[in-house]
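Listed here are the chains, written in short residue letters.
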Amino acid sequence: MCGLVLAGRNVPSFRMERTVLITGSAKGLGAALAQALAKDGHRIAIQYRTSRSEAEETVASIVKAGGMAAIFASPLASLIDGEKLIGGVVASFGKLDTLINNAGVFNRSRFEELTQAEWDEGLASTVGAAFYATRAALPHLRGSGRGRIVNIGDSMSDRIGFTEPAMSYYIGKVGLWMMTQTLAQTEASHGVTVNMVSPGVLDGSVCDTPVTEMPLGRFGTPEDVLGPVRFLLGEESEALTGSNLHVGGGWNIAPHASALNRPGWTKSPPDGTR
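These numbers were taken from a predicted model, which means no experiment stands behind them.

Asker: Sorry, what's going on with the overall build of the protein chain here?
Answerer: A tally of regular secondary structure across the protein chain gives seven helices and eight strands. Going through the 274 residues of the protein chain one by one, you find that 48% of them count as buried. Within the protein chain, contacts between residues separated by at least 24 positions form 74% of all contacts whose residues are at least 6 apart in sequence. Total accessible area computed for the protein chain in this model is approximately 12800 Å², and 55% of it derives from carbon and sulfur atoms.

Asker: When you look at the packing of helix 1 (residues 28-39) against helix 6 (residues 222-233) in this model, what are you seeing that I'm missing?
Answerer: For any two helices packed against each other, the geometry comes down to the angle between their axes and how far apart the axes lie. At a minimum axis distance of 10 Å, the contact between helix 1 and helix 6 shows a crossing angle of 55°. Judged on the interaxial angle alone, helix 6 and helix 1 are oblique. Regarding helix 1 and helix 6, the two cross each other, and that crossing is right-handed. Residue-level contacts link Leu29, Ala32, Leu33, Ala36 and Leu37 of helix 1 to Pro222, Val225, Leu226, Val229, Arg230 and Leu233 of helix 6. Considered class by class, the residues forming the contact of helix 1 with helix 6 number 10 nonpolar, no polar and one charged.

Asker: Would you explain helix 1 in this entry?
Answerer: A turn of α-helix holds 3.6 residues, and therefore any two residues three or four places apart point the same way. Between its first and last C-alpha atoms helix 1 spans 17 Å; for 12 residues at 1.5 Å apiece the expected length is 16 Å, and the two agree. Among the residues of helix 1, Leu29, Gly30, Ala31, Leu33, Ala34, Ala36, Leu37 and Ala38 are the ones counted as buried.

Asker: Teacher, can you tell me more about the packing of aromatic side chains here?
Answerer: Each aromatic ring pair is specified by the distance between its two centres and by the angle formed by the two planes. Evaluation of the coordinates by the stated rule reveals four aromatic pairs. When the ring of phenylalanine 106 is compared with that of tyrosine 170, the centres are 5.8 Å apart and the planes differ by 90°; the resulting orientation is edge-to-face. Of this pair, phenylalanine 106 sits in the loop between strand 5 (98-101) and helix 4 (116-144) while tyrosine 170 sits in helix 5 (residues 167-187); the two residues are 64 residues apart in sequence, bridging distant segments of the chain. For phenylalanine 106, a relative accessible area of 25% gives the class partly exposed. Geometrically, the ring pair formed by tyrosine 169 and tyrosine 170 is edge-to-face, given 5.4 Å between the ring centres and 80° between the ring planes.

Asker: How should the side chain of threonine 23 be read in this particular structure?
Answerer: Mapped onto the secondary structure, threonine 23 falls in the loop between strand 2 (19-22) and helix 1. Threonine 23 sits in the buried class, given a relative accessible area of 2%. For threonine 23, the side chain forms a polar contact with the main-chain nitrogen of asparagine 102, separated by 2.9 Å. Beyond its immediate sequence surroundings of up to four residues, threonine 23 is in contact with Gln47, Leu76, Leu99, Ile100, Asn101, Asn102, Ala103 and Ala133.

Asker: Teacher, can you tell me more about the environment of glutamate 57 here?
Answerer: Structurally, glutamate 57 is set in helix 2 (residues 52-64). As for glutamate 57 and lysine 27, which are separated by 30 residues in sequence, their C-alpha atoms are 8.9 Å apart.

Asker: What's the story with the pattern of salt bridges in this structure? I'm lost.
Answerer: Oppositely charged side chains can pair when the atoms bearing their charge come close. Counted under the stated rule, the structure contains eight salt bridges. For lysine 95, the salt bridge is made with aspartate 97, and the minimal N-O distance between the two is 3.9 Å. The salt bridge partner of arginine 142 is glutamate 187, with a shortest N-O separation of 2.8 Å. Of this pair, arginine 142 sits in helix 4 while glutamate 187 sits in helix 5, placing them 45 residues apart in sequence. Overall, arginine 142 belongs to the partly exposed group, its relative accessible area being 34%. Within this structure, Arg18, Lys95, Asp97 and Arg146 form a network of salt bridges that share partners.

What counts and what doesn't
- Every chain is numbered on its own, with residues counted from 1 as its sequence reads.
- For a predicted model such as this one, the threshold for reporting local features is a pLDDT of at least 70, and the threshold for listing and counting side-chain atom pairs is 80 or more; totals across whole chains, interfaces and linings nevertheless cover every residue.
- In computing side-chain properties, one takes all heavy atoms of the structure into account and sets aside hydrogens as well as water.
- Comment: elements are numbered from the N terminus, with helices defined as DSSP H or I runs of at least four residues and strands as E runs of at least two.
- Three exposure classes are used, based on accessible area relative to the maximum for each residue type with a 1.4 Å probe and protein chains only: buried under 20%, partly exposed in between, and exposed over 50%.
- Residues are treated as being in contact if the distance between any of their heavy atoms lies within 4.5 Å.
- For accessible areas, the Shrake-Rupley method is used with a probe of radius 1.4 Å. Any residue's cover is judged against the shown protein chains and nothing else.
- Note on method: axes are straight lines fitted to C-alpha atoms, helices fitted across the in-contact stretch only, with angles between N-to-C directions ranging 0 to 180 degrees.
- Orientation is classified from the angle alone, with under 35 degrees giving roughly parallel, over 145 giving roughly antiparallel, 65 to 115 giving roughly perpendicular, and any other angle giving oblique.
- The hand of a helix crossing depends on one turn: near helix anticlockwise from the far one by less than a right angle means left-handed, and clockwise means right-handed.
- Each residue receives one of three labels: charged for Asp, Glu, Lys and Arg, nonpolar for Ala, Val, Leu, Ile, Met, Phe, Trp, Tyr, Cys and Pro, and polar for the others, Gly being one of them.
- Every helix has an expected span of 1.5 Å times one less than the residues it contains.
- Note on aromatic contacts: the rings of Phe and Tyr and the six-membered ring of Trp form a pair at centre separations within 6.5 Å, being stacked when their planes are under 30 degrees apart, edge-to-face when over 60 apart, and tilted otherwise.
- Pairing of N or O atoms within 3.5 Å defines a polar contact, subject to two protein rules: one partner must be a possible hydrogen donor and the other a possible acceptor, and residues neighboring in sequence count only if both atoms are side-chain atoms.
- Salt bridges, as used here, are contacts in which a Lys or Arg side-chain nitrogen is within 4 Å of a carboxyl oxygen on Asp or Glu.

In structure tokens form, the structure reads like this:
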């Protein structure tokens, strides 16, 4: 674990500075959120499991832009891992008031192809990692008086449906939604809000969905996710908790063509009967 804080200074006067831990933020969506929130003046803790070089590049980019960040290596595979991670963040920054649970390994193997390792990884990297990080972070989030938890979900995370590809990943995201709603209720009296932001298909994702099936006419971007995250970190959202903000451009609201054409699906006639 590395707790060396690399810092510049670029704090906008209109936004209250936070200390933000983002899991799985060495690359991809997590890295994009880290860079953008650092530009807003927040202090960023970047957790990674294996992608050390990418984590270092993300921190270097933040520092170059005048922000403050540190990297922390953690498998987040146990309560002890969570406690060590949160302890390192607090030791480096002095506090923690925001947790963004972004980590998750997506494997497109279908059900009969899933290995035990892939099954376990899908669950462990999503709801498992979020559980360990959140359990350890809660005392600090409560003590801050303005704690925020933002869980990065998926457009399927609040409903049960066809999930044969990457099944354990999607089951993990459904579990993360259950955790979001549970903690929203139990933590409200402690001044901690807990919400979910759920992207659809992001540009560059490991996915074979054609863009023609995206209602918005394009894939999602990190900027689409960033807007709701920024809102949830602000004072104007202090009464919003237990919500799932969908930023999928209409994706997965209704069955799409490729799903309806799979064997076993029955298309409804115009009057809605079957």
